[in-house]
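Working through the structure, step by step
Now for the letters of each chain:
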Amino acid sequence: MSIAGRAHLNFAPGVQFDLVWEVSQRAVRDDFGPAHGEGFRSDYVLDRIQKVIDTLATFPERGSYPKELLAVGIREYRRTFFKPYRVIYRIIGQDVYVYLIADGRRDMQALLERRLLGA
């Protein structure tokens, strides 16, 4: 599957919440406190995640298949990341659909099953 030109980016409901929760709440609390020098800069992380997402419009096939989905035989979704944040998306025709942005240290198997497969 190859997309000529730029793909159109689409966002599933809940992706904006993912950004707010994962970056602004979880990361601040877990590992970007004052012990890391200048402290956590959520605007920097949000900017980097946005750049990763923006590259999907030009290079959507760059991402790999999430191992948690491959384990159950699903190859419809791909992942890319700005560590530790994972962006889960799907290519359909000339469109890229972003379904999930999550801290990869979470239980991704359960999260992907719940959000993508409705389990």
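One can find the structure itself at the top, above this paragraph.
A few points on the structure. (Residues numbered from 1 in each chain as written. Predicted model: local features only at pLDDT ≥ 70, side-chain atom pairs only at ≥ 80, totals over all residues. Heavy atoms only, no water.)

Observations regarding the side chain of Asp103
Just so we agree on the cut-off: Helix and strand definitions follow DSSP, with helices as H or I runs of at least four residues and strands as E runs of at least two, each counted in order from the N terminus. Buried means the residue's accessible area, taken with a 1.4 Å probe over protein chains only, is under 20% of the maximum for its type, while exposed means over 50%, and partly exposed covers the values in between.
Position of Asp103 among the secondary structure elements: in strand S4 (residues 95–103). Given the relative accessible area of 0%, Asp103 is considered buried.

Side note on the sheet that holds strand S1 (residues 8–11)
Let me state the cut-off plainly: Two strands pair under a simple rule: DSSP has to find at least two bridges between them. Here the axes come from fitting lines to C-alpha atoms, over the contacting stretch only for helices, and the angles between their N-to-C directions go from 0 to 180 degrees.
In space, the four strands of this open sheet follow the order S1-S4-S3-S2, with mixed pairing throughout. Each edge of the open sheet is held by one strand with a lone partner, namely S1 and strand S2 (77–82). Strand-to-strand twist of the sheet, defined as the mean angle between neighbouring strand axes without regard to direction, takes the value 35 degrees. Looking at chain direction, S2 and strand S3 (residues 85–92) are connected through six bridges and run antiparallel.

So, the nonpolar core
Our working rule: Nonpolar cores are built from buried Ala, Val, Leu, Ile, Met, Phe, Trp, Tyr and Cys residues. Side-chain atoms within 4.5 Å join them into one set. When checking whether two residues touch, look at their non-hydrogen atoms; a contact exists if any pair is within 4.5 Å.
One finds Ile49, Val87, Val98 and Ile101 to be the most contacted residues of the largest nonpolar core, which totals 18 residues. Looking at this core, the elements that each hand over two or more residues are helix H1 (15–30), helix H2 (42–55), S3 and S4. Not counting residues within four places of it along the chain, the set of residues in contact with Val87 comprises Ile49, Val52, Ile53, Leu56, Arg78, Arg79, Thr80, Val98, Leu100 and Ile101.

Let's talk about the packing of aromatic side chains
Here a ring pair, both rings aromatic, is described through the centre-centre distance and the interplanar angle of the planes. This is how the line gets drawn: Paired rings are identified among Phe, Tyr and Trp, the last through its six-membered ring, by centres lying within 6.5 Å, and are further divided according to the angle between planes into stacked (under 30 degrees), edge-to-face (over 60) and tilted (the rest). Charge-over-ring contacts are defined here by two conditions on Lys NZ or Arg CZ: a distance within 6 Å of the ring centre and an angle within 35 degrees of the ring normal.
Following the criterion strictly, the structure yields three aromatic pairs and no others. On the numbers, 6.2 Å between centres and 75 degrees between planes, the contact of Tyr44 with Phe82 is edge-to-face. Here Phe82 lies in strand S2 and Tyr44 lies in helix H2, a separation of 38 residues in the sequence. Tyr44 sits in the partly exposed class, given a relative accessible area of 41%. Geometrically, the ring pair formed by Tyr97 and Tyr99 is tilted, given 6.5 Å between the ring centres and 35 degrees between the ring planes. An aromatic cluster is defined as three or more aromatic residues linked by ring pairs; in this entry it consists of Tyr77, Tyr97 and Tyr99. The positively charged end of Arg75 is found above the aromatic ring belonging to Tyr65, 4.3 Å away from the centroid.

Here we look at the pairing of S4
One ladder, built from four bridges, connects S1 with S4; its direction is parallel. Across the sheet, Phe11 pairs through a bridge with Val98, a residue of S4. Counting the residues between successive antiparallel strands, the hairpin from S3 to S4 contains two residues, one of them, Gly93, with a positive phi of roughly 60 degrees.

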